[in-house]
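So you can see what is in the structure, the chains are spelled out below.
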Amino acid sequence: MKIRKNIAISDSGFLFNPSTGDSFSINPIGHEIVQMIQNEKSEIEIIDALTADYAIDKNTVEKDLYDFINMLKTHKLIE
Amino acid sequence: MEKKQYERPIIKSLNQGLMNKFGTRTEYMPVTHIDGVAVNELLQNYGSPLFVISERKIRENYRNAKRIFETRYPKVQFAWSYKTNYLNAVCNVFHQEGSWGEVVSRFEYEKALKNGVPGSKILFNGPDKMDDDLKVAIQNDSPIHIDHLDELYRLIEISNDMDANPRVAIRVNMDTGIYPMWDRFGFNYENGQAWDAINKIMANGRLRLVGLHCHIGTFMLAPSAYGIAASKMSELALQIKNRYGKIISYIDMGGGFASKNTLKGSYGLGADSVPEISQYAEAITSALLNAGFDNEELPYLYLETGRALIDDAGYLLGSVISNKRLSDGRRATIMDFGVNIMFTSFWYDHKISPAQEFGHHTEDCVLYGPLCMNIDVIRENVTLPPLKAGDHVVVHNVGAYNITQSMQFIALRPAVVMIDMKGQPHVIKRSEQLSTLEEGEVVPDYLSKFSL
(Lines give C-alpha, C1' and ligand atoms only; values in the text may rest on other atoms or scores of the structure.)
Protein backbone atom coordinates (compact mmCIF):
# COMPACT_ATOMS: atom_id res chain seq x y z
CA MET A 1 0.00 0.00 0.00
CA LYS A 2 1.65 3.20 -1.20
CA ILE A 3 0.51 6.71 -1.97
CA ARG A 4 1.07 7.30 -5.67
CA LYS A 5 4.35 9.08 -6.20
CA ASN A 6 3.03 12.02 -8.17
CA ILE A 7 0.38 13.00 -5.59
CA ALA A 8 1.13 16.39 -4.10
CA ILE A 9 0.19 16.78 -0.44
CA SER A 10 0.26 20.13 1.34
CA ASP A 11 0.78 20.60 5.08
CA SER A 12 -2.81 21.76 5.44
CA GLY A 13 -4.27 18.51 4.11
CA PHE A 14 -4.79 19.41 0.48
CA LEU A 15 -4.16 16.65 -2.08
CA PHE A 16 -3.64 17.16 -5.79
CA ASN A 17 -3.42 14.47 -8.42
CA PRO A 18 -1.64 16.03 -11.43
CA SER A 19 -2.43 13.12 -13.72
CA THR A 20 -6.20 13.59 -13.38
CA GLY A 21 -6.40 17.17 -12.20
CA ASP A 22 -8.50 16.12 -9.20
CA SER A 23 -7.99 17.77 -5.85
CA PHE A 24 -9.11 16.71 -2.41
CA SER A 25 -9.18 17.90 1.15
CA ILE A 26 -8.57 15.65 4.12
CA ASN A 27 -9.09 16.35 7.78
CA PRO A 28 -6.13 16.32 10.23
CA ILE A 29 -6.51 12.68 11.23
CA GLY A 30 -6.80 11.70 7.56
CA HIS A 31 -3.64 13.66 6.94
CA GLU A 32 -1.86 11.74 9.71
CA ILE A 33 -2.95 8.45 8.15
CA VAL A 34 -1.71 9.51 4.70
CA GLN A 35 1.65 10.45 6.24
CA MET A 36 1.87 7.08 7.97
CA ILE A 37 1.10 5.31 4.68
CA GLN A 38 3.86 7.39 3.06
CA ASN A 39 6.17 6.22 5.84
CA GLU A 40 5.24 2.65 4.90
CA LYS A 41 3.43 1.85 8.13
CA SER A 42 1.21 -1.21 7.99
CA GLU A 43 -2.50 -1.02 8.74
CA ILE A 44 -1.96 -2.62 12.15
CA GLU A 45 0.75 -0.10 12.99
CA ILE A 46 -1.53 2.75 11.99
CA ILE A 47 -4.36 1.41 14.17
CA ASP A 48 -1.98 1.05 17.13
CA ALA A 49 -0.62 4.56 16.62
CA LEU A 50 -4.07 6.12 16.46
CA THR A 51 -5.48 4.28 19.47
CA ALA A 52 -2.39 5.35 21.44
CA ASP A 53 -2.92 9.02 20.56
CA TYR A 54 -6.69 9.36 20.47
CA ALA A 55 -9.49 8.66 22.91
CA ILE A 56 -11.09 5.95 20.81
CA ASP A 57 -11.49 2.20 20.77
CA LYS A 58 -9.66 -0.09 18.37
CA ASN A 59 -12.78 -1.39 16.59
CA THR A 60 -13.92 2.09 15.59
CA VAL A 61 -10.46 3.02 14.33
CA GLU A 62 -10.17 -0.21 12.35
CA LYS A 63 -13.59 0.31 10.73
CA ASP A 64 -12.85 3.95 9.89
CA LEU A 65 -9.34 3.21 8.62
CA TYR A 66 -10.51 0.56 6.14
CA ASP A 67 -13.25 2.87 4.92
CA PHE A 68 -10.72 5.69 4.49
CA ILE A 69 -8.24 3.47 2.62
CA ASN A 70 -11.07 2.32 0.37
CA MET A 71 -11.86 5.92 -0.44
CA LEU A 72 -8.18 6.57 -1.23
CA LYS A 73 -8.34 3.60 -3.59
CA THR A 74 -11.61 4.81 -5.13
CA HIS A 75 -9.99 8.16 -5.83
CA LYS A 76 -6.92 6.34 -7.23
CA LEU A 77 -4.56 7.94 -4.73
CA ILE A 78 -2.88 4.73 -3.62
CA GLU A 79 -1.41 1.92 -5.64
CA MET B 1 -0.92 12.37 28.86
CA GLU B 2 -4.51 13.13 27.94
CA LYS B 3 -5.55 11.59 24.65
CA LYS B 4 -6.69 13.75 21.76
CA GLN B 5 -10.32 13.95 20.68
CA TYR B 6 -10.98 11.52 17.84
CA GLU B 7 -12.64 12.46 14.58
CA ARG B 8 -13.26 9.98 11.80
CA PRO B 9 -10.77 10.39 8.87
CA ILE B 10 -12.45 11.88 5.83
CA ILE B 11 -11.43 12.74 2.31
CA LYS B 12 -13.52 15.05 0.24
CA SER B 13 -13.26 15.57 -3.48
CA LEU B 14 -13.13 19.26 -4.33
CA ASN B 15 -15.32 19.88 -7.33
CA GLN B 16 -15.02 22.84 -9.53
CA GLY B 17 -18.43 23.54 -10.89
CA LEU B 18 -20.69 26.42 -11.64
CA MET B 19 -21.00 28.96 -8.88
CA ASN B 20 -24.18 28.67 -6.89
CA LYS B 21 -25.31 32.07 -5.72
CA PHE B 22 -27.53 30.50 -3.08
CA GLY B 23 -24.76 28.34 -1.68
CA THR B 24 -25.32 25.52 0.75
CA ARG B 25 -24.95 25.74 4.45
CA THR B 26 -22.59 23.47 6.28
CA GLU B 27 -23.90 22.49 9.68
CA TYR B 28 -20.86 22.12 11.87
CA MET B 29 -21.86 24.59 14.58
CA PRO B 30 -22.84 22.33 17.44
CA VAL B 31 -26.07 22.82 19.36
CA THR B 32 -25.18 21.54 22.81
CA HIS B 33 -27.98 23.14 24.84
CA ILE B 34 -31.67 23.89 24.40
CA ASP B 35 -32.95 26.69 26.63
CA GLY B 36 -29.94 26.15 28.86
CA VAL B 37 -30.43 22.39 29.27
CA ALA B 38 -27.63 20.16 27.96
CA VAL B 39 -28.65 17.93 25.05
CA ASN B 40 -26.53 15.08 26.42
CA GLU B 41 -28.25 15.32 29.77
CA LEU B 42 -31.70 15.26 28.17
CA LEU B 43 -30.83 12.15 26.16
CA GLN B 44 -29.32 10.48 29.18
CA ASN B 45 -32.36 11.16 31.35
CA TYR B 46 -35.18 10.59 28.87
CA GLY B 47 -33.70 8.31 26.21
CA SER B 48 -32.96 8.73 22.53
CA PRO B 49 -34.67 9.82 20.35
CA LEU B 50 -36.47 12.56 22.21
CA PHE B 51 -38.76 15.42 21.26
CA VAL B 52 -38.02 18.63 23.14
CA ILE B 53 -40.36 21.61 23.18
CA SER B 54 -39.37 25.06 24.34
CA GLU B 55 -42.16 26.74 26.29
CA ARG B 56 -40.22 29.98 26.09
CA LYS B 57 -40.16 29.89 22.31
CA ILE B 58 -43.89 29.16 22.07
CA ARG B 59 -44.73 32.13 24.27
CA GLU B 60 -42.30 34.38 22.41
CA ASN B 61 -43.76 33.36 19.06
CA TYR B 62 -47.33 33.86 20.25
CA ARG B 63 -46.68 37.23 21.86
CA ASN B 64 -44.78 38.40 18.80
CA ALA B 65 -47.56 37.40 16.39
CA LYS B 66 -50.23 38.90 18.67
CA ARG B 67 -48.35 42.19 18.92
CA ILE B 68 -47.80 42.31 15.16
CA PHE B 69 -51.50 41.85 14.43
CA GLU B 70 -52.84 43.96 17.29
CA THR B 71 -50.69 46.94 16.39
CA ARG B 72 -52.28 46.86 12.93
CA TYR B 73 -55.87 45.91 13.70
CA PRO B 74 -58.00 46.54 16.78
CA LYS B 75 -59.91 43.26 17.09
CA VAL B 76 -57.76 40.13 16.88
CA GLN B 77 -58.32 36.67 18.32
CA PHE B 78 -56.03 33.67 17.85
CA ALA B 79 -57.40 30.12 18.09
CA TRP B 80 -54.83 27.36 18.55
CA SER B 81 -54.91 24.89 15.70
CA TYR B 82 -55.11 21.58 17.56
CA LYS B 83 -54.10 19.44 14.60
CA THR B 84 -50.71 21.15 14.43
CA ASN B 85 -49.74 19.88 17.85
CA TYR B 86 -52.36 18.70 20.30
CA LEU B 87 -50.23 17.65 23.22
CA ASN B 88 -52.24 19.02 26.12
CA ALA B 89 -49.28 20.86 27.66
CA VAL B 90 -48.63 22.62 24.36
CA CYS B 91 -52.29 23.55 23.91
CA ASN B 92 -52.44 24.89 27.44
CA VAL B 93 -49.45 27.17 26.92
CA PHE B 94 -51.40 28.74 24.05
CA HIS B 95 -54.60 28.88 26.12
CA GLN B 96 -52.71 30.54 28.98
CA GLU B 97 -51.59 33.16 26.49
CA GLY B 98 -55.23 33.80 25.56
CA SER B 99 -55.61 31.65 22.49
CA TRP B 100 -58.94 29.89 21.89
CA GLY B 101 -59.14 26.41 20.38
CA GLU B 102 -59.63 25.48 16.72
CA VAL B 103 -60.51 21.85 16.07
CA VAL B 104 -61.31 19.71 13.05
CA SER B 105 -62.68 16.54 14.62
CA ARG B 106 -64.71 15.34 17.57
CA PHE B 107 -61.58 13.85 19.10
CA GLU B 108 -59.88 17.25 19.05
CA TYR B 109 -63.07 18.90 20.24
CA GLU B 110 -63.19 16.66 23.30
CA LYS B 111 -59.52 17.35 23.94
CA ALA B 112 -60.10 21.12 23.91
CA LEU B 113 -63.10 20.79 26.25
CA LYS B 114 -61.09 18.56 28.58
CA ASN B 115 -58.28 21.11 28.60
CA GLY B 116 -60.81 23.59 29.92
CA VAL B 117 -61.53 25.70 26.84
CA PRO B 118 -65.13 26.99 27.08
CA GLY B 119 -67.28 25.53 24.29
CA SER B 120 -68.08 29.02 23.02
CA LYS B 121 -64.36 29.52 22.38
CA ILE B 122 -63.80 26.38 20.33
CA LEU B 123 -64.07 26.92 16.58
CA PHE B 124 -65.31 23.70 15.01
CA ASN B 125 -63.92 23.22 11.49
CA GLY B 126 -63.58 20.24 9.21
CA PRO B 127 -65.66 18.19 6.78
CA ASP B 128 -66.24 15.35 9.23
CA LYS B 129 -68.88 16.46 11.72
CA MET B 130 -71.37 13.72 12.51
CA ASP B 131 -74.85 14.40 13.90
CA ASP B 132 -73.75 13.77 17.43
CA ASP B 133 -70.76 16.11 17.01
CA LEU B 134 -73.06 18.87 15.79
CA LYS B 135 -75.43 18.34 18.73
CA VAL B 136 -72.60 18.65 21.24
CA ALA B 137 -71.27 21.75 19.49
CA ILE B 138 -74.75 23.31 19.56
CA GLN B 139 -75.15 22.52 23.26
CA ASN B 140 -71.77 24.14 23.97
CA ASP B 141 -72.48 27.21 21.81
CA SER B 142 -69.39 26.56 19.71
CA PRO B 143 -69.13 28.41 16.41
CA ILE B 144 -69.65 25.74 13.74
CA HIS B 145 -67.84 26.35 10.47
CA ILE B 146 -69.95 24.67 7.81
CA ASP B 147 -67.97 22.85 5.14
CA HIS B 148 -70.60 21.50 2.72
CA LEU B 149 -74.32 21.57 1.94
CA ASP B 150 -75.02 18.19 3.54
CA GLU B 151 -73.68 19.57 6.79
CA LEU B 152 -75.75 22.72 6.38
CA TYR B 153 -78.98 20.76 5.89
CA ARG B 154 -78.23 18.36 8.74
CA LEU B 155 -77.41 21.26 11.01
CA ILE B 156 -80.74 22.94 10.22
CA GLU B 157 -82.63 19.69 10.90
CA ILE B 158 -80.78 19.06 14.17
CA SER B 159 -81.27 22.67 15.27
CA ASN B 160 -84.99 22.37 14.55
CA ASP B 161 -85.17 19.18 16.63
CA MET B 162 -83.28 20.84 19.47
CA ASP B 163 -85.09 24.14 19.02
CA ALA B 164 -81.68 25.83 19.01
CA ASN B 165 -80.11 28.66 17.05
CA PRO B 166 -76.45 27.73 16.73
CA ARG B 167 -73.77 30.21 15.77
CA VAL B 168 -72.34 29.33 12.40
CA ALA B 169 -69.86 30.49 9.80
CA ILE B 170 -69.39 29.15 6.32
CA ARG B 171 -66.05 28.12 5.00
CA VAL B 172 -65.31 29.94 1.77
CA ASN B 173 -62.74 28.86 -0.81
CA MET B 174 -61.56 31.19 -3.52
CA ASP B 175 -59.02 32.01 -6.16
CA THR B 176 -56.27 34.04 -4.51
CA GLY B 177 -53.86 33.72 -7.40
CA ILE B 178 -51.94 30.78 -5.99
CA TYR B 179 -51.57 27.30 -7.38
CA PRO B 180 -52.92 24.81 -6.53
CA MET B 181 -56.13 26.48 -5.44
CA TRP B 182 -57.62 24.86 -2.37
CA ASP B 183 -61.22 24.27 -3.37
CA ARG B 184 -62.06 20.99 -1.72
CA PHE B 185 -63.14 22.58 1.53
CA GLY B 186 -66.08 24.90 1.93
CA PHE B 187 -68.09 26.82 -0.66
CA ASN B 188 -66.57 28.56 -3.64
CA TYR B 189 -66.63 32.34 -3.80
CA GLU B 190 -66.30 32.88 -7.55
CA ASN B 191 -68.97 30.46 -8.77
CA GLY B 192 -71.62 31.63 -6.34
CA GLN B 193 -71.71 28.56 -4.04
CA ALA B 194 -70.82 30.72 -1.07
CA TRP B 195 -73.71 33.08 -1.77
CA ASP B 196 -76.00 30.13 -2.29
CA ALA B 197 -75.11 28.79 1.17
CA ILE B 198 -75.47 32.25 2.74
CA ASN B 199 -78.89 32.72 1.12
CA LYS B 200 -80.02 29.34 2.42
CA ILE B 201 -78.91 30.19 5.95
CA MET B 202 -80.52 33.61 5.89
CA ALA B 203 -83.76 32.41 4.28
CA ASN B 204 -84.16 29.57 6.76
CA GLY B 205 -83.56 31.76 9.79
CA ARG B 206 -82.73 28.89 12.15
CA LEU B 207 -78.95 29.37 12.13
CA ARG B 208 -77.20 32.54 13.25
CA LEU B 209 -74.61 33.48 10.66
CA VAL B 210 -71.91 35.15 12.75
CA GLY B 211 -68.74 34.64 10.74
CA LEU B 212 -66.98 33.84 7.52
CA HIS B 213 -64.07 31.44 7.42
CA CYS B 214 -61.38 30.64 4.88
CA HIS B 215 -58.15 28.70 4.82
CA ILE B 216 -56.45 29.35 1.52
CA GLY B 217 -53.58 26.88 1.75
CA THR B 218 -50.66 25.65 3.74
CA PHE B 219 -47.07 26.90 3.99
CA MET B 220 -48.10 29.92 1.93
CA LEU B 221 -45.09 31.82 0.63
CA ALA B 222 -47.10 34.68 -0.89
CA PRO B 223 -48.53 37.07 1.73
CA SER B 224 -50.38 38.88 -1.08
CA ALA B 225 -52.70 35.87 -1.42
CA TYR B 226 -53.96 36.61 2.10
CA GLY B 227 -54.63 40.21 1.04
CA ILE B 228 -56.78 38.98 -1.84
CA ALA B 229 -58.58 36.51 0.44
CA ALA B 230 -59.24 39.16 3.10
CA SER B 231 -60.63 41.53 0.43
CA LYS B 232 -63.00 38.88 -0.91
CA MET B 233 -64.13 37.91 2.58
CA SER B 234 -64.74 41.57 3.43
CA GLU B 235 -66.72 42.06 0.26
CA LEU B 236 -68.87 39.08 1.15
CA ALA B 237 -69.43 40.41 4.67
CA LEU B 238 -70.39 43.84 3.36
CA GLN B 239 -72.78 42.37 0.80
CA ILE B 240 -74.45 40.31 3.52
CA LYS B 241 -75.00 43.52 5.43
CA ASN B 242 -76.36 45.28 2.34
CA ARG B 243 -78.72 42.49 1.39
CA TYR B 244 -79.86 41.25 4.79
CA GLY B 245 -78.86 44.00 7.20
CA LYS B 246 -76.83 41.38 9.01
CA ILE B 247 -73.48 42.38 10.51
CA ILE B 248 -70.86 39.64 10.33
CA SER B 249 -69.03 39.64 13.65
CA TYR B 250 -65.85 37.85 12.61
CA ILE B 251 -63.71 36.98 9.62
CA ASP B 252 -61.55 33.91 10.23
CA MET B 253 -58.50 33.87 7.95
CA GLY B 254 -57.52 30.33 8.94
CA GLY B 255 -53.88 29.32 9.04
CA GLY B 256 -51.17 28.52 6.52
CA PHE B 257 -48.40 30.97 7.43
CA ALA B 258 -45.03 29.41 6.62
CA SER B 259 -42.50 28.46 9.29
CA LYS B 260 -38.73 28.79 8.90
CA ASN B 261 -38.36 25.30 7.47
CA THR B 262 -36.91 24.75 4.01
CA LEU B 263 -39.25 23.13 1.52
CA LYS B 264 -37.62 20.44 -0.59
CA GLY B 265 -36.60 21.75 -3.98
CA SER B 266 -36.54 25.40 -2.96
CA TYR B 267 -33.47 27.48 -3.79
CA GLY B 268 -33.02 29.46 -0.63
CA LEU B 269 -33.07 28.30 2.94
CA GLY B 270 -36.42 28.71 4.64
CA ALA B 271 -34.90 30.85 7.37
CA ASP B 272 -33.84 33.37 4.71
CA SER B 273 -36.72 33.20 2.30
CA VAL B 274 -40.09 32.67 3.99
CA PRO B 275 -42.16 35.79 4.72
CA GLU B 276 -42.23 37.31 8.17
CA ILE B 277 -45.49 37.25 10.13
CA SER B 278 -45.61 41.02 9.72
CA GLN B 279 -45.90 40.61 5.94
CA TYR B 280 -48.95 38.37 6.31
CA ALA B 281 -50.36 40.74 8.92
CA GLU B 282 -49.86 43.77 6.71
CA ALA B 283 -51.62 42.09 3.76
CA ILE B 284 -54.59 40.91 5.83
CA THR B 285 -55.16 43.95 8.02
CA SER B 286 -54.71 46.44 5.16
CA ALA B 287 -57.36 44.60 3.17
CA LEU B 288 -59.78 44.55 6.10
CA LEU B 289 -59.21 48.18 7.05
CA ASN B 290 -59.61 49.36 3.47
CA ALA B 291 -62.68 47.26 2.71
CA GLY B 292 -65.17 49.93 3.74
CA PHE B 293 -66.50 48.66 7.09
CA ASP B 294 -67.94 51.28 9.44
CA ASN B 295 -65.64 51.62 12.43
CA GLU B 296 -68.13 50.19 14.90
CA GLU B 297 -68.91 47.30 12.56
CA LEU B 298 -65.34 46.22 11.96
CA PRO B 299 -65.34 42.43 12.22
CA TYR B 300 -63.10 40.52 14.60
CA LEU B 301 -60.11 38.96 12.87
CA TYR B 302 -59.72 35.32 13.90
CA LEU B 303 -56.46 33.54 13.13
CA GLU B 304 -55.83 29.81 13.30
CA THR B 305 -52.07 30.08 12.96
CA GLY B 306 -50.40 26.79 13.86
CA ARG B 307 -47.12 25.95 12.18
CA ALA B 308 -45.61 29.44 12.33
CA LEU B 309 -46.12 29.54 16.12
CA ILE B 310 -44.85 26.10 17.09
CA ASP B 311 -42.45 24.75 14.46
CA ASP B 312 -39.26 26.37 15.76
CA ALA B 313 -40.21 25.58 19.37
CA GLY B 314 -39.81 21.87 18.67
CA TYR B 315 -36.55 19.90 18.45
CA LEU B 316 -35.88 16.24 17.89
CA LEU B 317 -32.75 14.90 19.57
CA GLY B 318 -31.32 11.67 18.24
CA SER B 319 -28.24 9.50 18.00
CA VAL B 320 -26.16 7.92 15.28
CA ILE B 321 -26.59 4.15 15.02
CA SER B 322 -24.04 3.51 12.30
CA ASN B 323 -22.14 4.82 9.32
CA LYS B 324 -21.86 3.01 6.03
CA ARG B 325 -20.65 3.55 2.52
CA LEU B 326 -23.13 3.23 -0.35
CA SER B 327 -22.27 1.51 -3.63
CA ASP B 328 -21.53 4.81 -5.34
CA GLY B 329 -19.16 5.94 -2.59
CA ARG B 330 -21.62 8.20 -0.82
CA ARG B 331 -21.51 8.28 2.95
CA ALA B 332 -24.69 7.11 4.65
CA THR B 333 -25.46 7.66 8.31
CA ILE B 334 -28.19 5.75 10.08
CA MET B 335 -30.00 7.61 12.84
CA ASP B 336 -32.23 6.25 15.57
CA PHE B 337 -35.20 8.33 14.35
CA GLY B 338 -36.93 8.03 11.02
CA VAL B 339 -39.91 9.15 9.00
CA ASN B 340 -42.15 7.37 11.49
CA ILE B 341 -41.68 10.25 13.94
CA MET B 342 -40.52 12.85 11.42
CA PHE B 343 -43.28 12.82 8.87
CA THR B 344 -42.36 16.32 7.75
CA SER B 345 -39.04 15.08 6.36
CA PHE B 346 -41.09 14.03 3.33
CA TRP B 347 -41.44 17.68 2.35
CA TYR B 348 -38.80 19.63 4.29
CA ASP B 349 -35.02 19.59 4.29
CA HIS B 350 -34.83 19.91 8.05
CA LYS B 351 -31.86 21.71 9.54
CA ILE B 352 -29.76 19.21 11.48
CA SER B 353 -26.92 20.20 13.82
CA PRO B 354 -24.38 18.05 15.60
CA ALA B 355 -24.70 18.14 19.37
CA GLN B 356 -20.97 17.97 20.06
CA GLU B 357 -17.85 19.82 18.96
CA PHE B 358 -16.12 18.85 15.71
CA GLY B 359 -13.40 20.30 13.55
CA HIS B 360 -14.38 22.25 10.46
CA HIS B 361 -14.09 19.33 8.06
CA THR B 362 -17.37 18.06 6.78
CA GLU B 363 -18.65 15.51 4.33
CA ASP B 364 -21.77 15.07 2.29
CA CYS B 365 -23.98 12.26 3.43
CA VAL B 366 -27.42 10.73 3.26
CA LEU B 367 -29.25 10.47 6.57
CA TYR B 368 -31.38 7.39 6.97
CA GLY B 369 -33.79 6.47 9.71
CA PRO B 370 -33.78 3.12 11.53
CA LEU B 371 -36.84 1.62 9.85
CA CYS B 372 -36.48 -1.44 7.68
CA MET B 373 -38.07 0.48 4.86
CA ASN B 374 -36.47 2.05 1.80
CA ILE B 375 -38.33 5.35 2.02
CA ASP B 376 -37.00 6.04 5.49
CA VAL B 377 -34.78 8.96 4.46
CA ILE B 378 -34.36 11.97 6.74
CA ARG B 379 -32.13 14.00 4.38
CA GLU B 380 -31.14 12.96 0.86
CA ASN B 381 -28.08 15.15 1.01
CA VAL B 382 -26.69 17.02 3.96
CA THR B 383 -23.24 18.31 4.81
CA LEU B 384 -22.25 17.34 8.33
CA PRO B 385 -19.08 16.76 10.32
CA PRO B 386 -17.87 13.14 10.51
CA LEU B 387 -20.43 11.70 12.92
CA LYS B 388 -19.67 8.38 14.53
CA ALA B 389 -21.92 5.81 16.18
CA GLY B 390 -23.26 7.17 19.45
CA ASP B 391 -22.89 10.85 18.48
CA HIS B 392 -25.94 13.04 18.95
CA VAL B 393 -27.71 15.44 16.63
CA VAL B 394 -30.41 18.07 17.00
CA VAL B 395 -33.10 18.36 14.33
CA HIS B 396 -34.69 21.81 14.20
CA ASN B 397 -38.18 23.04 13.43
CA VAL B 398 -40.12 19.88 14.16
CA GLY B 399 -42.79 21.35 16.45
CA ALA B 400 -45.57 21.30 13.87
CA TYR B 401 -47.32 18.15 12.68
CA ASN B 402 -44.65 15.61 13.59
CA ILE B 403 -46.25 14.57 16.85
CA THR B 404 -49.81 14.60 15.52
CA GLN B 405 -48.92 12.80 12.29
CA SER B 406 -46.39 10.33 13.69
CA MET B 407 -46.72 6.72 12.61
CA GLN B 408 -46.55 3.76 14.91
CA PHE B 409 -44.55 1.50 12.65
CA ILE B 410 -42.00 -1.05 13.89
CA ALA B 411 -40.71 1.15 16.70
CA LEU B 412 -42.23 2.73 19.79
CA ARG B 413 -42.67 6.48 19.74
CA PRO B 414 -40.39 8.52 22.00
CA ALA B 415 -41.10 10.75 24.97
CA VAL B 416 -41.75 14.46 24.64
CA VAL B 417 -40.18 16.87 27.10
CA MET B 418 -41.08 20.52 27.56
CA ILE B 419 -38.50 22.91 28.97
CA ASP B 420 -40.31 25.48 31.08
CA MET B 421 -39.61 29.21 31.42
CA LYS B 422 -37.09 28.51 34.20
CA GLY B 423 -35.14 25.95 32.18
CA GLN B 424 -36.69 22.97 33.95
CA PRO B 425 -37.56 19.95 31.78
CA HIS B 426 -40.94 18.22 32.24
CA VAL B 427 -42.10 15.03 30.55
CA ILE B 428 -45.32 15.99 28.76
CA LYS B 429 -45.71 12.64 27.01
CA ARG B 430 -44.14 9.41 28.17
CA SER B 431 -42.46 7.16 25.63
CA GLU B 432 -44.65 4.36 24.34
CA GLN B 433 -44.38 0.89 25.81
CA LEU B 434 -45.49 -2.39 24.31
CA SER B 435 -48.44 -2.26 26.70
CA THR B 436 -49.47 1.18 25.32
CA LEU B 437 -49.92 -0.33 21.90
CA GLU B 438 -51.52 -3.55 22.98
CA GLU B 439 -54.08 -1.86 25.19
CA GLY B 440 -56.86 -2.17 22.63
CA GLU B 441 -55.85 -5.54 21.22
CA VAL B 442 -57.91 -8.65 21.83
CA VAL B 443 -56.68 -12.18 21.10
CA PRO B 444 -59.59 -14.64 20.83
CA ASP B 445 -59.22 -17.62 23.19
CA TYR B 446 -58.70 -20.11 20.40
CA LEU B 447 -55.64 -18.13 19.23
CA SER B 448 -54.09 -17.73 22.64
CA LYS B 449 -52.03 -20.93 22.57
CA PHE B 450 -49.73 -22.63 20.08
CA SER B 451 -46.80 -24.98 20.06
CA LEU B 452 -43.81 -24.66 17.77
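Residues numbered from 1 in each chain as written. Chains lettered and ligands numbered in written order. Predicted model: local features only at pLDDT ≥ 70, side-chain atom pairs only at ≥ 80, totals over all residues.

Asker: Help me get a handle on the overall build of chain A, residues and values and all.
Answerer: Each helix and strand in chain A was counted, giving three helices and three strands. In chain A, the succession of helices and strands from N to C terminus is β-β-β-α-α-α. Looking at chain A residue by residue over its 79 residues, the buried ones come to 25%. (Helix = DSSP H or I, 4+ residues; strand = E, 2+ residues; numbered from the N terminus. Buried ≥ 20, exposed ≤ 12 C-beta atoms within 10 Å, placed from the backbone.)

Asker: Describe the packing of helix 8 (residues 223-244) of chain B against helix 10 (residues 277-289) of chain B, naming the residues involved and giving the relevant values.
Answerer: Residue and element names in this part refer to chain B. Close contact between helix 8 and helix 10 brings their axes to 8 Å; oriented N to C, the two are set at 25 degrees. Put simply, helix 8 runs roughly parallel to helix 10. With respect to the hand of their crossing, helix 8 and helix 10 are arranged in right-handed fashion. Packed against helix 8, whose contacting residues are Pro223, Ser224, Tyr226, Gly227, Ala230, Ser231 and Ser234, the element helix 10 presents Gln279, Tyr280, Ala283, Ile284, Ser286, Ala287 and Leu288 at the interface. In terms of residue class, the contact of helix 8 with helix 10 is made up of eight nonpolar, six polar and no charged. (Axes fitted to C-alpha atoms, helices over the stretch in contact; angles between N-to-C directions. Parallel < 35°, antiparallel > 145°, perpendicular 65-115°, else oblique. Left-handed = near helix turned anticlockwise from the far one by under 90°. Contact = placed C-beta atoms within 7 Å. Nonpolar A, V, L, I, M, F, W, Y, C, P; charged D, E, K, R; others polar.)

Asker: How would you summarise the interface of chain A and chain B if you had to cite specific residues and measurements?
Answerer: Residue-level contacts link 22 residues of chain A with 17 residues of chain B. Of all the secondary structure elements, the ones that give two or more residues to the side of chain A that touches chain B are strand 3 (22-26), helix 1 (28-38) and helix 3 (58-74) of chain A. Per-element accounting of the side of chain A that touches chain B gives the leading share, seven residues, to helix 3 of chain A. Tallied by class, residues from the side of chain A that touches chain B come to 11 nonpolar, seven polar and four charged. The sheet contact formed by strand 3 of chain A and strand 1 (residues 11-14) of chain B spans four bridges and is antiparallel. Bridged to Ser23(A) within strand 1 of chain B is Leu14(B). (Pairing = 2+ DSSP bridges.)

Asker: With reference to specific residues and values, describe helix 1 of chain A.
Answerer: For helix 1 of chain A, the set of buried residues is Ile29(A), Gly30(A), His31(A), Ile33(A), Val34(A) and Ile37(A). Glu40(A) sits one or two positions beyond helix 1 of chain A and adopts a positive phi of about 60 degrees.

Asker: Outline the nonpolar core, listing residues and values.
Answerer: Soluble globular proteins: nonpolar side chains tend toward being buried together. Val52(B), Val172(B) and Ile284(B) are the most contacted members of the largest nonpolar core, which totals 112 residues. The dominant element in this core, judged by the number of residues it contributes, is helix 8 of chain B, at eight residues. Each of domain 1 (33-52 + 312-432) and domain 2 (55-311) of chain B gives at least three residues to this core. If we skip the residues at most four places from it in the chain, Val172(B) touches Gly186(B), Phe187(B), Tyr189(B), Ala194(B), Leu212(B), His213(B), Cys214(B), Met233(B) and Leu236(B). Residues Ile7(A), Ile37(A), Ile10(B) and Ile11(B) belong to the second largest nonpolar core, which totals 18 residues. (Core = buried A, V, L, I, M, F, W, Y, C linked by C-beta atoms within 7 Å. Domains from an automatic or database assignment.)

Asker: So, the domain arrangement of chain B: which residues are in play, and what are the values?
Answerer: All names here are of chain B. The domain boundaries assigned to chain B delineate domain 1 (33-52 + 312-432) and domain 2 (55-311). Among the elements of the structure, strand 20 (416-419) and strand 21 (425-429) are those that each provide at least two residues to the side of domain 1 that touches domain 2. By residue number, the principal contributor to the side of domain 1 that touches domain 2 is strand 20, which donates three residues. Tallied by class, residues from the side of domain 1 that touches domain 2 come to 11 nonpolar, five polar and five charged.

Asker: Can you lay out the packing of helix 2 (residues 43-53) of chain A against helix 3 of chain A for me, pointing to particular residues and giving the numbers?
Answerer: Residue and element names in this part refer to chain A. Running from amino to carboxyl end, helix 2 crosses helix 3 at an angle of 130 degrees, the nearest separation of the two axes being 10 Å. Considering the angle they form, helix 2 stands oblique to helix 3. Read as a crossing pair, helix 2 and helix 3 show a hand that is right-handed. On helix 3, the residues that touch Glu43, Ile46, Ile47, Leu50 and Thr51 of helix 2 are Lys58, Val61, Glu62 and Leu65.

Asker: Pulling in residues and values, what's your account of helix 3 (residues 88-97) of chain B?
Answerer: An α-helical segment advances 3.6 residues per turn. Residues three or four places apart therefore align on the same side. Residue and element names in this part refer to chain B. Residues of helix 3 that are buried include every one of Val90, Cys91, Val93 and Phe94, and no others. The buried residues of helix 3 occupy one face: seen down the axis, they fall within an arc of 155 degrees. In the stretch just after helix 3, Gly98 is the one whose phi turns positive, near 110 degrees. (Arc of directions from axis to C-beta.)

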